[in-house]
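# Summary of the model geometry
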Amino acid sequence: MNNVTIPAHVDPERLGALLTEVGWQQVGGRRGLYKRFLPPGGSSSGLGKSSLVIPLDNSAPEFSELLRAALLQISQDRELWARSIYPRLAVEASDEFRFRKESSAPSGLIEWRSGEALIESARKTLIAGAKSYVSPGRHFVNRNGRFAGRYLDQVLMGQTAPGSYIVTAYAPPNGYVSLASGREGGAAIIPEVGAAPVRAVNQAVVRALEATVEALEHYRTSSSLSGFEDGVSRGVSYEMTNAVLGMASHADAADISIEWDSSAPAPSLPSHFEFTSDDVEPLSRAAVQLSEDQGTQVVTMVGRVHLLTKKNVGSPGVFGIESLLPGSPRKVRVRLRDEEDYHEAIRAHEEELALQVSGTLEKEGNLSWLYHATVIQTMGSIADYGARPTPKGIDVPDGQLDLFERGGNSSN
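Owing to the predicted nature of the structure, the values given are computational and were not obtained by experimental measurement. (Residues numbered from 1 in each chain as written. Predicted model: local features only at pLDDT ≥ 70, side-chain atom pairs only at ≥ 80, totals over all residues. Heavy atoms only, no water.)

## Topic: the packing of helix H4 (residues 112-134) against helix H10 (residues 339-351)
The geometry of a pair of packed helices is captured by two quantities: the angle between their axes and the separation between those axes. At a closest axis distance of 14 Å, the pairing of H4 and H10 adopts a crossing angle of 165°. Comparing their axes, H10 and H4 come out roughly antiparallel. Judged by the twist between their axes, the crossing of H4 over H10 is left-handed. Residues Arg113, Glu120, Arg123 and Lys124 of H4 form the contact with H10, whose own contacting residues are Glu340, Arg347 and Glu351. Residues of the contact of H4 with H10, tallied by class, amount to no nonpolar, no polar and seven charged. (Axes fitted to C-alpha atoms, helices over the stretch in contact; angles between N-to-C directions. Helix = DSSP H or I, 4+ residues; strand = E, 2+ residues; numbered from the N terminus. Parallel < 35°, antiparallel > 145°, perpendicular 65-115°, else oblique. Left-handed = near helix turned anticlockwise from the far one by under 90°. Contact = heavy atoms within 4.5 Å. Nonpolar A, V, L, I, M, F, W, Y, C, P; charged D, E, K, R; others polar.)

## Considerations on the sheet that holds strand E2 (residues 34-38)
Taken in spatial order, the three strands make up an open sheet running E1-E2-E3, and their pairing is antiparallel. Two strands bound the open sheet, and with one partner strand each, they are strand E1 (25-30) and strand E3 (52-55). This sheet shows a mean twist of 25° between the axes of neighbouring strands, independent of strand direction. Bridge count for E2 against E3 is four bridges, and the pairing is antiparallel. When the bridges of E3 are listed, Arg36 appears paired with Val53. Relative to E3, helix H1 (residues 12-21) is tilted by about 150°, and along the sheet it contacts E2 and E3. (Pairing = 2+ DSSP bridges.)

## As for the pattern of salt bridges
Under the definition given, this model contains 14 salt bridges. Residue Arg304 pairs with Glu322 through a salt bridge whose shortest N-O separation is 2.9 Å. With Arg304 in strand E11 (residues 298-310) and Glu322 in strand E12 (residues 318-323), this pair connects stretches of sequence that are 18 residues apart. With respect to class, Arg304 is no different from Glu322; both count as buried. In this structure, Arg330 and Glu322 form a salt bridge, with 3.3 Å as the shortest nitrogen-oxygen distance. By relative accessible area, which is 56% here, Arg330 ends up exposed. Given a relative accessible area of 14%, Glu322 falls into the buried group. (Salt bridge = Lys/Arg side-chain N within 4 Å of Asp/Glu carboxyl O. Buried < 20%, exposed > 50% of the residue type's maximum accessible area, 1.4 Å probe, protein only.)

Written out as structure tokens, the structure reads:
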């Protein structure tokens with residue numbers, strides 16, 4: 001056990017509460033001095049070495065030694081220690097979000113890109129729920145983004161658990177997130193005054209997930225996307241739909257579980273949501289619908305990325321896409337809303353994957369532009385559409401893509 005990491009400071013009462021949460025049973029003790037626990041399945045008739053003593057009196061000379069012995073005894077169950085005890089002892093308190101995706105890789109491992117996508121989906125889920133806490137919306141783009149970023153800054157990521165690959169997020173329920181953007185650098189926050197409790201934001205994440213899952217269930221019985229529209233006031237958004245789409249894509253099974261910290265009463269909310277690859281189609285369609293500006297003509301197309309720009313600092317990015325399906329302009333310049341979508345376009349270009357994008361189509365001279373565009377999802381190989389591989393290494397400065405296409409001189 002020499003390699004076991006022991007937290008520097010441990011609250012024995014919190015340790016006892018965590019053991020109770022994972023099925024240990026308190027079988028005795030003396031108030032203010034110690035508590036005795038048995039592991040799940042243990043027998044009180046033969047306490048012996050299977051029982052665990054947690055000291056409570058931190059003024060006793062043997063307190064530190066006894067507490068360390070208790071922690072070492074718990075850590076003998078390495079999975080329990082790594083998954084449920086150590087991460088939550090290392091922070092004062094935490095609500096726990098677990099994002100799980102089945103993987104064909106050996107236990108506890110996942111294909112690299114699938115792992116990256118799972119982490120990205122987890123991040124997008126938390127961000128989308130945090131944005132909905134401030135105000136609901138069909139498509140936030142950058143709205144409420146700074147608040148969501150401050151919320152995410154308080155969340156810790158834990159290591160994966162054995163078995164299916166799991167990304168764990170620990171959000172402190174007793175913390176606060178400033179509602180104003182000027183409280184950086186450790187500025188004091190007065191609870192409930194100009195600040196949101198992290199627990200309340202955590203609940204907003206779960207409510208938005210719940211509304212999205214209910215919209216999926218409505219689609220399964222009616223083939224209608226109306227549940228997504230009706231759920232906007234409860235947290236359904238393009239951002240949340242797109243986050244869940246990332247969970248469901250290329251997954252035989254995926255789920256999100258929530259465990260509320262015992263330091264505050266658990267809210268009456270669902271704690272488990274499941275997804276499969278059958279959810280991809282309705283989520284993709286809902287994402288397109290929610291990304292649309294209700295006052296303009298929006299076009300969705302599938303194509304291959306054939307030109308990339310050198311993205312300017314602060315610009316979401318521009319790229320060229322060639323349609324792979326009939327009914328769309330053959331070549332379109334795409335000006336993005338969200339900077340993160342540019343990195344997905346780069347990946348589609350490098351891996352020769354089709355990209356589904358949605359935006360406002362406008363004609364400027366002999367050029368077609370897709371403005372305020374959003375990447376909906378990365379599709380399969382462009383070879384599946386009968387297209388040739390994309391030429392590599394074509395990279396032009398942002399703002400000169402139209403000149404490159406025309407064969408013009410960029411110095412003019």
